[in-house]
Amino acid sequence: MIAVALGSNLGDRANNLRQALRKLTRGAYPLLKKPRISRVYETPALLPDGAPAQWNQPYLNLVVSGETDLNPMTLHHRLKELEKELGREERSKWAPREMDLDLVFYDTLAMKTATLTLPHSELMHRDFVLKPLLEVAPDWFLPFHLSAETLTLKEWSERHPEFFTLQPSSKWEAMVLDPQIVGILNITPDSF
């Protein structure tokens, strides 16, 4: 199992997430198979000291987990290509972005290269990734360097609830990113 974090704070943020999910999980050769998609969380931007005021734009975030046939480096490369396809422009590290796709983990693999660290190096400092990750991958085992014990994410969350206080925004909680079935129920007195 793998997990990818999605975030957007420029343009039509909800549509950016929808488009990314479609490209990740649909088509003849989806990057992710058997996807599980978290709820959407709206969070403030993380900003360095002295950041321009226009960078302070809230993000919509979610996490999707699933299976892939790609190795970690190939998947990482495809995620970066997908960011560009979805309109991401090259900017400073902390600047707003149309789409941010981060490979959070790849099974229990721990690795570090010049371009990819698994699990994500900032995972334990990002509640906007941890909380949605708990929804889609509660049984993922944290690598030993993240926890002194062999624990699943759910077990770790129960021991450290302070990391899981983030709540989905009520504005976005009911948002369905990719409806599968739509129906109408008429319950007026004259319905038949």
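Scroll up to find the structure.
Residues numbered from 1 in each chain as written. Predicted model: local features only at pLDDT ≥ 70, side-chain atom pairs only at ≥ 80, totals over all residues. Heavy atoms only, no water.

A. Quick peek at the overall build of the protein. Regarding its fold elements, the protein presents 5 helices and 7 strands. Its helices and strands in sequence order give the protein the pattern β-α-β-β-β-α-β-β-β-α-α-α, from N to C terminus. Per-residue burial over the protein gives 43% buried out of 192 residues. Of the contacts formed within the protein by residues at least 6 apart in sequence, a portion of 67% connects residues at least 24 apart. Of the roughly 11,000 Å² that the protein leaves accessible, carbon and sulfur atoms contribute 54%. (Helix = DSSP H or I, 4+ residues; strand = E, 2+ residues; numbered from the N terminus. Buried < 20%, exposed > 50% of the residue type's maximum accessible area, 1.4 Å probe, protein only. Contact = heavy atoms within 4.5 Å. Areas by Shrake-Rupley, 256 points an atom, 1.4 Å probe, with all protein chains shown as cover.)

B. Structural context of the packing of aromatic side chains. For the structure on display, the rule yields 2 aromatic pairs. Here the aromatic rings of Phe105 and Trp140 are separated by 4.1 Å at their centres, their planes lie at 5°, and the arrangement is stacked. Placement of the pair is Phe105 in strand 5 (residues 100-106) and Trp140 in the loop between helix 3 (127-136) and helix 4 (153-159), with a sequence separation of 35 residues. For Phe105, a relative accessible area of 0% translates into the label buried. Judged by centre distance (6.0 Å) and plane angle (70°), the rings of Trp156 and Phe164 are edge-to-face. Considered together, Trp156 and Phe164 belong to a single accessibility category, that of buried residues. (Phe/Tyr/Trp six-rings, centres within 6.5 Å; stacked < 30°, edge-to-face > 60°.)

C. Quick peek at the environment of Ile2. Locating Ile2 in the fold gives a position in strand 1 (residues 2-8). Put simply, Ile2 and Thr68 are 66 residues apart on the chain and 7.4 Å apart in space, counted from C-alpha to C-alpha. Apart from the residues lying within four places of it in its own chain, the contact partners of Ile2 are Leu32, Val64, Ser65, Gly66, Thr68, Leu75, Leu103, Phe105, Tyr106 and Asp107.

D. View of the side chain of Glu83. Relative to the assigned elements, Glu83 resides in helix 2 (residues 72-85). Of the polar contacts made by the side chain of Glu83, one reaches the side chain of Lys80; its length is 3.0 Å. Here the side chain of Glu83 touches Leu101 through a polar contact of 2.7 Å, landing on its backbone nitrogen. Apart from residues lying up to four places away in sequence, Glu83 is in contact with Arg88, Met99, Asp100 and Leu101. (Polar contact = N/O pair within 3.5 Å; in protein donor to acceptor, adjacent residues only side chain to side chain.)

E. Representation of the pattern of salt bridges in the model. For the structure shown, the criterion picks out 15 salt bridges. Residue Asp69 pairs with Lys33 through a salt bridge whose shortest N-O separation is 2.2 Å. Taken together, the positions of Asp69 in the loop between strand 4 (59-67) and helix 2 and Lys33 in strand 2 (residues 33-37) put the pair 36 residues apart, joining distant regions of the chain. Arg78 is the salt-bridge partner of Glu85, the closest N and O atoms lying 3.6 Å from each other. Accessibility expressed as a relative area gives 25% for Arg78, which makes it partly exposed. Among the ionic contacts, a cluster of salt bridges with common partners joins Lys80, Glu83, Arg88, Arg97, Asp100 and Asp102. (Salt bridge = Lys/Arg side-chain N within 4 Å of Asp/Glu carboxyl O.)

F. The arrangement of the nonpolar core in detail. In terms of nonpolar packing, the biggest core is built from 24 residues, with Val4, Leu6, Leu24, Leu79, Leu101 and Leu103 touching the most fellow members. Of all the secondary-structure elements, those providing two or more residues to this core are strand 1, helix 1 (13-25), strand 4, helix 2 and strand 5. Of the residues forming this core, the biggest block, 5 residues, is contributed by helix 1. In this structure, Leu101 is in contact with Val4, Ala5, Leu6, Ala20, Leu79, Lys80, Leu82 and Glu83, ignoring residues within four places of it in sequence. (Core = buried A, V, L, I, M, F, W, Y, C linked by side-chain atoms within 4.5 Å.)

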